[in-house]
Amino acid sequence: MAKSLLIDYSSFNISPQMIMESERKNNGRVIVSGVLQRAEAKNQNGRVYPKETLMREAKKYSEIQIAENRALGELDHPESSVVNLQNVSHNIKKIWWKGDDLMGTVEVLSTPSGNILKELLKAGVKLGISSRGMGSVEEIREGEGEGSLEVQPDFELVCWDFVSNPSTHGAFMAPVNESVNSLKVDKFEKVNNIINEMLCELTCKCSLPNRRNK
């Protein structure tokens, strides 16, 4: 059976207290922990990840990517099975199991995408986190109810990404600053404003040497 790109979402909830404590202890860096993915549970994409398969991939990911400090993820999902270094926003430092939940500790990096991610979180924008991998699925039906798609043993984990529109209920990261909820600003307009301001700032900084040379 041919493999295809599989993208699925899981809850990753943090509190404002966790953010403040992280920045205080880590010289302004944002390092948080939460659920990366769930095994043995049907998601809104109709897929179920067997725990045995996910445990195998998590172990391999921990022993290679995390051990070599290159467990990188992007801001938004690309249609690719390769992590694009130009869009990297975070690095996963540690993963472990809590029942059927795969937990993880994530550090937001000081890259262009990482800075955008941090500013979006500080603005109270709800973001999701989701897995990206390659594999095949097989339909499973129990009785006359709606079936599910079981991810097969050929699944290969690529990474976890932060995303703006998770399709799974509850797959959002909690806002960093609860006070921004009182702002009567459209969510999408707020996201665009933040991104445009940061891109403008980066562009201006890059153009300064050229202006001086003139």
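K.L.:
Whenever I open this one, the overall build of the protein confuses me. Can you help?
P.N.:
Each helix and strand in the protein was counted, giving 4 helices and 10 strands. In the protein, the order of α-helices and β-strands from amino to carboxyl end is β-α-β-β-α-β-β-β-α-β-β-β-β-α. A burial count over the protein gives 45% of its 214 residues as buried. Taking as baseline every contact in the protein between residues at least 6 positions apart, the subset at least 24 positions apart corresponds to 69%. A total accessible area of about 11900 Å² is found for the protein, and carbon and sulfur atoms account for 51% of it.

K.L.:
Can you help me understand helix α2 (residues 51–66) in this one?
P.N.:
Every α-helix carries 3.6 residues per turn, so stepping three or four residues along brings you back to the same face. Taken residue by residue, α2 has Thr 53, Leu 54, Glu 57, Ala 58, Tyr 61, Gln 65 and Ile 66 as its buried positions. Down the axis, α2 shows its buried residues gathered within 125° of arc, on one side only. Exposed and facing more than 90 degrees away from the buried side of α2 are Glu 52 and Lys 59.

K.L.:
How should I be thinking about the confidence of the model for the protein in this particular structure?
P.N.:
Parts of the prediction with low pLDDT should not have their coordinates interpreted in detail. Looking at the protein, the pLDDT average stands at 78 and 71% of residues meet or exceed 70. Highest mean pLDDT in the protein belongs to α2 (98); lowest belongs to helix α4 (residues 187–213) (58).

K.L.:
What should I look at first to understand the sheet that holds strand β3 (residues 47–48) in this one?
P.N.:
In a beta sheet, neighbouring strands are held together by backbone hydrogen bonds and run either parallel or antiparallel to one another. Within the open sheet, the 3 strands sit side by side as β3-β9-β8. Their pairing is mixed. On the outer flanks of this sheet lie β3 and β8 (137–140), each paired with one strand and no other.

K.L.:
Help me out: how do you make sense of the pattern of salt bridges in this one?
P.N.:
A side chain with one charge can pair with a side chain of the opposite charge if their charged atoms come near. Counted according to the given criterion, the structure contains 13 salt bridges. The partner of Arg 29 in a salt bridge is Glu 107, with the nearest N and O atoms 2.9 Å apart. Remark: Glu 107 occurs in strand β6 (residues 101–108) and Arg 29 occurs in the loop between α1 (16–25) and β2 (30–38); sequence separation between them is 78 residues. Note on Arg 29: relative accessible area 38%, which makes it partly exposed. Close ionic contact of Lys 59 with Glu 63 constitutes a salt bridge, the shortest N to O distance being 2.7 Å.

K.L.:
In this structure, what is going on with the packing of aromatic side chains? I would like to understand it.
P.N.:
To describe a pair of aromatic rings, you give the distance between the ring centres and the angle between the ring planes. Following the criterion strictly, the structure yields 2 aromatic pairs and no others. Plain terms: the ring middles of Tyr 49 and Phe 155 are 5.3 Å apart, the flat faces sit at 80° to each other, and that makes the pair edge-to-face. Within this pair, whereas Tyr 49 is found in the loop between β3 and α2, its partner Phe 155 is found in the loop between β9 (148–151) and β10 (156–163), the two being separated by 106 residues in sequence. A residue is classified by how much of its surface remains accessible, and Phe 155, at 0% relative accessible area, is buried. The cationic tip of Lys 94 hangs over the ring face of Trp 96; the distance from NZ or CZ to the ring centre is 5.4 Å.

How each quantity is defined
Residues numbered from 1 in each chain as written. Predicted model: local features only at pLDDT ≥ 70, side-chain atom pairs only at ≥ 80, totals over all residues. Heavy atoms only, no water. Helix = DSSP H or I, 4+ residues; strand = E, 2+ residues; numbered from the N terminus. Buried < 20%, exposed > 50% of the residue type's maximum accessible area, 1.4 Å probe, protein only. Contact = heavy atoms within 4.5 Å. Areas by Shrake-Rupley, 256 points an atom, 1.4 Å probe, with all protein chains shown as cover. Arc of directions from axis to C-beta. pLDDT = per-residue confidence, 0-100. Pairing = 2+ DSSP bridges. Salt bridge = Lys/Arg side-chain N within 4 Å of Asp/Glu carboxyl O. Phe/Tyr/Trp six-rings, centres within 6.5 Å; stacked < 30°, edge-to-face > 60°. Lys NZ or Arg CZ within 6 Å of the ring centre and 35° of its normal.

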